[in-house]
Amino acid sequence: MKAMIRGLTCGAALAASTAAWADRPQWGGIGYMTQGFVLGDVSGLGDSLGVDHPPGLGLVLGGGGLALLGGRVVLGGTGYALSGLDGEGEVASARFGGGGGGFNIGYAVVNSGRMLLFPFVGAVGHGGHVLVENGSDPAIVGGFDLLGGERKGFEGGGWALDFGASVFQLMWGEDSGGLAVGGAMGFWLPISGDGWTATDGGAATGLQGTPSGLYFRLQLGGGGASGG
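Residues numbered from 1 in each chain as written. Predicted model: local features only at pLDDT ≥ 70, side-chain atom pairs only at ≥ 80, totals over all residues. Heavy atoms only, no water.

> I'm lost on the pattern of salt bridges in this one. Help?
Close approach of charged atoms allows side chains with opposite charge to pair. Here the structure, examined in full by the defined rule, presents two salt bridges. The partner of Arg-151 in a salt bridge is Glu-133, and the shortest N-O contact between them spans 3.5 Å. Taken together, the residues Arg-151 in strand E9 (residues 151–172) and Glu-133 in strand E6 (residues 115–134) connect sequence positions 18 residues apart. On the accessibility criterion, Arg-151 (48% relative accessible area) is partly exposed. Here Lys-152 and Asp-200 are joined by a salt bridge, their closest N and O atoms 3.0 Å apart. (Salt bridge = Lys/Arg side-chain N within 4 Å of Asp/Glu carboxyl O. Helix = DSSP H or I, 4+ residues; strand = E, 2+ residues; numbered from the N terminus. Buried < 20%, exposed > 50% of the residue type's maximum accessible area, 1.4 Å probe, protein only.)

> Can you walk me through the nonpolar core in this structure?
The nonpolar side chains of a soluble globular protein tend to be buried with one another. Core analysis: the biggest nonpolar cluster contains 39 residues, and Val-132 and Phe-154 have the highest contact counts within it. It is E6 that provides the largest number of residues to this core, a total of six residues. Non-local contacts of Val-132, meaning those with residues more than four positions away in its chain, are made with Leu-49, Val-51, Ser-93, Ala-94, Val-141, Leu-146, Glu-150, Arg-151, Lys-152 and Phe-154. (Core = buried A, V, L, I, M, F, W, Y, C linked by side-chain atoms within 4.5 Å. Contact = heavy atoms within 4.5 Å.)

> Even after reading the chapter, I still don't get the environment of Gly-148, so can you show me in this structure?
Relative to the helices and strands, Gly-148 resides in the loop between strand E8 (144–146) and E9. Assessed through its relative accessible area of 42%, Gly-148 is described here as partly exposed. C-alpha of Gly-148 to C-alpha of Asn-134: the two residues are 14 residues apart in sequence and 5.8 Å apart in space. When neighbours within four sequence positions are excluded, Gly-148 is seen to be in contact with Asn-134, Gly-135, Ser-136, Asp-137 and Pro-138.

> It is not clear to me how the packing of aromatic side chains should be interpreted in this structure. Could you clarify?
The relation between two aromatic rings is expressed through the spacing of the ring centres and the mutual angle of the planes. This structure, assessed with the given rule, holds five aromatic pairs. When the centroid spacing of 5.5 Å and the interplanar angle of 55° are considered together, the rings of Tyr-32 and Phe-168 count as tilted. Placement of Tyr-32 in strand E1 (residues 27–41) and of Phe-168 in strand E9 is noted, with a sequence separation of 136 residues between them. Relative to Phe-120, the ring of Phe-118 lies with its centre 6.3 Å away and its plane at 50°, an arrangement referred to as tilted. By relative accessible area, which is 3% here, Phe-118 ends up buried. On the basis of relative accessible area, Phe-120 is assigned to the buried category, the value being 8%. Each member of the aromatic cluster is reached from another via a ring pair, and the members are Tyr-80, Trp-188 and Tyr-215. (Phe/Tyr/Trp six-rings, centres within 6.5 Å; stacked < 30°, edge-to-face > 60°.)

Next up, the structure:
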């Protein structure tokens, strides 16, 4: 008898849990603008540039979108511009500008109808341009001789894995649509770097890589979803 009661209780709890989940958003999407920062090797070339302070801080501006499938699976994509904010040194300086985009897949660990939280993994492709300005003494950068005060531009890029987590506060009404505000934190881990070239022609020796580091982004947009 006790076993039967426990079985009925467990069955009722499971049914209630299933019904509650079915009331949560199952299918929908969000589009958003994003702004944030990257801390790390912003150009991807690191110390190989031979400058005092290669860009270690970057600004991210862009946008993205995601699709919620079955209340759990999240498919997303992003695109953005990336600009190095530091990198000035006494001997030589480097400025970076470029951009990238990618895709990811996540799993909604929280989907309450008011909040969506999901870790994700994906890949991003980066491309950009680095301008190196030499100091007062002659130097060799990427296999090219630079006189004092001379500048040299290089371009290239590659691919990185994207590991992170994203959260949205869903300010949705009864029609399950409206404003979505949130943020993301993650890490770019390089997996390939195309050979960099000088902008005025010729392969650059020893310059190879793609942006990497820890990023933080704010996300503002909107969307909608429906139940199961």
